[in-house]
Amino acid sequence: MKILVCIKQVPDAEAPIRIGADGRSFAVTGGAWRMNRFDEFAVEEALQIREAFPGTVVEALSVGPARAAAVLRRALSLGADEAIHILREGEEEPLPGEVAALIAAYVRDRGYDLILAGVMAEDDMQAQTGPMLAERLGLPCATAVVAETIPPNGMTIRVERELEGGLREALEMPLPALLSLQSGINRPRYPALSHVLRARTQPMMTVRAGDLPAPPRRERVVLLFLPAPAAKTLFLTGTPAEKAERLAELFREKALL
Amino acid sequence: MNAEIVVIAEVAAEGQPAPVSLELIAFAKSLRRNAAEPIRVFLPGRGIGAAAAELARLPGVAVTGIEGESLASYSAEAWKEALAPLLAARKTRFICVSHNANGADFAPGLAVRLGAACITAVEAFRIEAEGPIFSLSILKGKLQMEIVPEAETAVVTLLPGAFRRGDAPSSPMDKARKDGTNTTQNETVLLPEEFRRKEIPPTGVTTLKEKKSEVQGDRAGPPAAEMISVPDIPLKTRPLGLLPAPDEAADLAAAEVIVSAGRGIGGEENIELLRRLAFLFSRAAIGASRAVCDAGWLPCRYQIGQTGKTVSPRLYIACGISGALQHLAGMRGSQYIVAVNRDPQAAIFRVADVAVVEELVSFLPLLIAACRKHREGAAEAGR
Ligand SMILES: Cc1cc2nc3c(=O)[nH]c(=O)nc-3n(C[C@H](O)[C@H](O)[C@H](O)COP(=O)(O)OP(=O)(O)OC[C@H]3O[C@@H](n4cnc5c(N)ncnc54)[C@H](O)[C@@H]3O)c2cc1C
Ligand SMILES: Nc1ncnc2c1ncn2[C@@H]1O[C@H](COP(=O)(O)O)[C@@H](O)[C@H]1O
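All of the points below concern the structure found in this document. (Residues numbered from 1 in each chain as written. Chains lettered and ligands numbered in written order. Predicted model: local features only at pLDDT ≥ 70, side-chain atom pairs only at ≥ 80, totals over all residues. Heavy atoms only, no water.)

Taken residue by residue, the interface counts 82 residues in chain A and 87 residues in chain B. Both faces combined, the contact of chain A with chain B buries some 7,600 Å², and carbon together with sulfur accounts for 59% of it. In this assembly, chain A and chain B are joined by eleven salt bridges. Between Glu135 of chain A and Arg113 of chain B there is a salt bridge; the shortest N-O distance is 2.7 Å. Here chain A and chain B share 42 residue pairs in polar contact (both at pLDDT 80 or more) between them. No other element matches helix H6 (residues 240-253) of chain A, which puts eleven residues into the side of chain A that touches chain B. Classifying every residue of the side of chain A that touches chain B by side-chain character gives 46 nonpolar, ten polar and 26 charged. As judged from the two bridges shared by strand S15 (residues 234-235) of chain A and strand S16 (residues 354-357) of chain B, these two strands associate in the parallel manner. From the neighbouring strand, Phe235 of chain A faces S16 of chain B, where its bridge partner is Ala355 of chain B. (Contact = heavy atoms within 4.5 Å. Buried area = accessible area lost by both parts, 1.4 Å probe. Salt bridge = Lys/Arg side-chain N within 4 Å of Asp/Glu carboxyl O. Polar contact = N/O pair within 3.5 Å; in protein donor to acceptor, adjacent residues only side chain to side chain. Helix = DSSP H or I, 4+ residues; strand = E, 2+ residues; numbered from the N terminus. Nonpolar A, V, L, I, M, F, W, Y, C, P; charged D, E, K, R; others polar. Pairing = 2+ DSSP bridges.)

This is how it looks when you write it as structure tokens:
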């Protein structure tokens, strides 16, 4: 079986974020970038399928500037077999419609049996890329998948999607198919030393975005802004002990304690 | 270009229009340039006649029920097949879909099929001369992004509940909005009302107010919904039915105080600290973000949020929770919210009454000691 995992490099949301002078891009202090957490689950799921179906090949793909190669190295160090970097210059993040079109242009006719994506990217939170890619490739698709099994013949896949209120929907589809995975479907592993060493030197395939058919741009980012802190929020000040004392007092005043 | 705005509605389990669909209709109405612009509701399903008729009673709304055997249960494939030809023919400006589990599943693919723009998880918008500018949260709510479609048609998914509360949307225009409209803390589902555009300042962010009486609609005899039936759609995907939510002891629902763990607690071993804090309150319980349940630090039944429990305790203490919308969806109704997080930009602070920027593992023992002291003080005084 041949599996493709789509991985996005996202800023570490804990690092202080600044908005660029253009008002439409952001920079992360210290340049802290990492693998989208939802995609860590996708890598793990692909590796588990490979364990169940020996001979399976797991390829990781990311669209982004040169720095995005780091998440592909990470995928290799977790155990992915190959990495494909669709090199798209420019610091401003592409929107999902563009990413899906670029990935589709690369993936078409390459014979993947299963494509995995994360349910959403932690930065743009749009949850579009997976289902858009499936549509472009004419593949059946299920989003927010929390469980998946492939019967031994490897022809179909049975999935459970998460709905509201803990309810799940089960469905079965023929392969090839695309799934967007919800967090919690597995427990992502840590990189094994042998893989880490291999990942350092293993060549990656690089495809220039400019060499692929131009993707559509049907949306335009107007402005990014830091939402104003809520006027009602009281930020406690002082030493940690003073803050603790003040908070305990507040609990008393509100008759909560 | 067609001025029409389309809403894709859905039926709730009881055969009634889903509450999110009413919210969507209100949203669609507020996107109109003037009150004469038509709103067209498409309702796919099987046996949806009653729900379609119910929707058709709403003022200013024309309803098309799409009946089909293949639409008996939700399927992205069937929804796209049934809707795309109808929508492509109409060249509508906006197609409004709920950003719930099903909407988020089919809307992006539908947009690709229609060659339309796609803007998802919209929380607020403001109307400018060139049309609405949508705003949504990015980076777990740390930033807001404003975005506009650049295609004839745009598929827009609306975050469920975003238009239910006056205090939800935020934007640079927030202040103008707050000054101009009376916000409501009310949690009841928003019911559609005629949008009075004149009242909205040209650059104001729009929030919608509630008006219950209108669910009855026009009493002068309900206008009929148009019903069309679609032939069987051959589907690759085979639905295998719904699996019930696991039955869980819901002590979270009864708790008056919830001490909730996020990824920032750093590990399972620190849950004990939260337990010790919770122990100081009466009727207290431990809760968790999804990240904590995913990591196996606490079982799934502790999860609070969009895909977990909805809680509204008297006191909610969020420990190391970033404040992603999906988490806020389950706890923002809490009466008093305290957040402890080492990142001063964390989105959780925007819903908090009290914000503590600290390292949890060192702060919680101090808080526990201070609370214990105050409790004992109270006990002394009461003697
Ligand atoms: C369809 C869908 C449904 C979802 N449903 C839910 C849901 O029901 N409930 C839910 O919770 N999530 C849900 N999520 C996930 C959600 O988007 C977030 O990923 C999740 O809420 C993040 O959990 P967190 O805040 O604990 O972790 P993070 O976002 O990683 O935040 C950790 C926080 O801890 C702080 N921190 C770190 N270390 C320390 C320290 N030492 N001291 C103090 N603070 C520290 C950090 O600054 C950060 O703000 C859903 C996502 C999707 C796509
Ligand atoms: N630049 C990218 N490169 C590779 N995969 C991506 C990229 N952007 C998004 N994806 C995939 O699409 C999923 C959803 O992203 P989004 O639609 O941006 O919320 C992510 O979890 C990834 O699996």
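Residues and elements named next belong to chain B. For Ser75, the location among the structural elements is in the loop between strand S3 (61-67) and helix H3 (76-90). Since its relative accessible area comes to 9%, Ser75 is described here as buried. A polar contact is formed between the side chain of Ser75 and the backbone nitrogen of Ala78, at a distance of 3.0 Å. (Buried < 20%, exposed > 50% of the residue type's maximum accessible area, 1.4 Å probe, protein only.)

A word on the site of ligand 1. Taken together, 29 residues lie around ligand 1, and Arg263, Ser289, Thr307, Ser322 and Asn341 of chain B are the ones closest in. Ligand 1 sits at a junction of chains, with neighbouring residues supplied by chains A and B. At 3.0 Å, a side-chain N or O of Gln303 of chain B approaches an oxygen atom of ligand 1. One of the side-chain nitrogen or oxygen atoms of Asn341 of chain B is found 2.7 Å away from an oxygen atom of ligand 1. Bound to the protein, ligand 1 loses 92% of the 990 Å² it would expose on its own. Among the elements of the structure, helix H8 (290-294) and helix H9 (325-331) of chain B are those that each provide at least two residues to the shell around ligand 1. Of the residues contributing to the shell around ligand 1, the split by class is seven nonpolar, 14 polar and eight charged. (Near = heavy atom within 4 Å. Areas by Shrake-Rupley, 256 points an atom, 1.4 Å probe, with all protein chains shown as cover.)

Glancing now at the nonpolar core. Ranked by size, the top nonpolar core spans 50 residues in total, and within it Leu4, Ile103, Ile115 and Leu133 of chain A together with Ile8, Leu83 and Phe106 of chain B carry the most contacts. Those residues within four positions of Leu4 of chain A in sequence are excluded, and the remaining contacts are Glu59, Leu61, Ile84, Ile103, Val107, Tyr112, Leu114, Ile115 and Leu116 of chain A. Of all hydrophobic cores here, the second largest spans 48 residues; its members include Ala9, Leu58, Cys96 and Phe125 of chain B. (Core = buried A, V, L, I, M, F, W, Y, C linked by side-chain atoms within 4.5 Å.)

Residues and elements named next belong to chain A. By nearness alone, 19 residues border ligand 2, and Cys6, Asp39, Asp124, Ala127 and Thr129 come closest of all. Between an oxygen atom of ligand 2 and a main-chain N or O atom of Gly118, the distance comes to 2.9 Å. At a separation of 2.7 Å, an oxygen atom of ligand 2 approaches a polar side-chain atom of Asp124. Contact with the protein chains covers 99% of the free accessible surface of ligand 2, which is 480 Å². Elements with a minimum of two residues in the shell around ligand 2: strand S6 (57-64), helix H3 (96-107) and strand S8 (114-118). Here the shell around ligand 2 takes three residues from S6, the largest share from any one element. Looking at the shell around ligand 2 residue by residue, the classes come out as ten nonpolar, six polar and three charged.

Here the focus is the packing of aromatic side chains. Taken as a whole, this structure holds eight aromatic pairs over all chains when the rule is applied. Each ring, one from Phe27 of chain B and one from Phe134 of chain B, has its centre 6.4 Å from the other, and the planes form 55°; the classification is tilted. Placement of Phe27 of chain B in helix H1 (residues 19-31) and of Phe134 of chain B in strand S7 (residues 131-138) is noted, with a sequence separation of 107 residues between them. Relative accessible area serves as the criterion here: at 0%, Phe27 of chain B is assigned to the buried category. Ring centres 5.8 Å apart and planes at 80° place the aromatic pair Phe94 of chain B and Phe134 of chain B in the edge-to-face group. Taken together, the positions of Phe94 of chain B in strand S4 (residues 94-98) and Phe134 of chain B in strand S7 put the pair 40 residues apart, joining distant regions of the chain. By the burial criterion, Phe94 of chain B is buried, and Phe134 of chain B matches it. Ring pairs connect the aromatic residues Phe27, Phe94, Phe125 and Phe134 of chain B, which therefore count as one cluster. Against the face of Trp33 of chain A rests Arg67 of chain A, its NZ or CZ located 3.5 Å from the ring centre. Across the ring face of Tyr106 of chain A, the terminal group of Arg110 of chain A is positioned such that the distance to the ring centre comes to 4.0 Å. (Phe/Tyr/Trp six-rings, centres within 6.5 Å; stacked < 30°, edge-to-face > 60°. Lys NZ or Arg CZ within 6 Å of the ring centre and 35° of its normal.)

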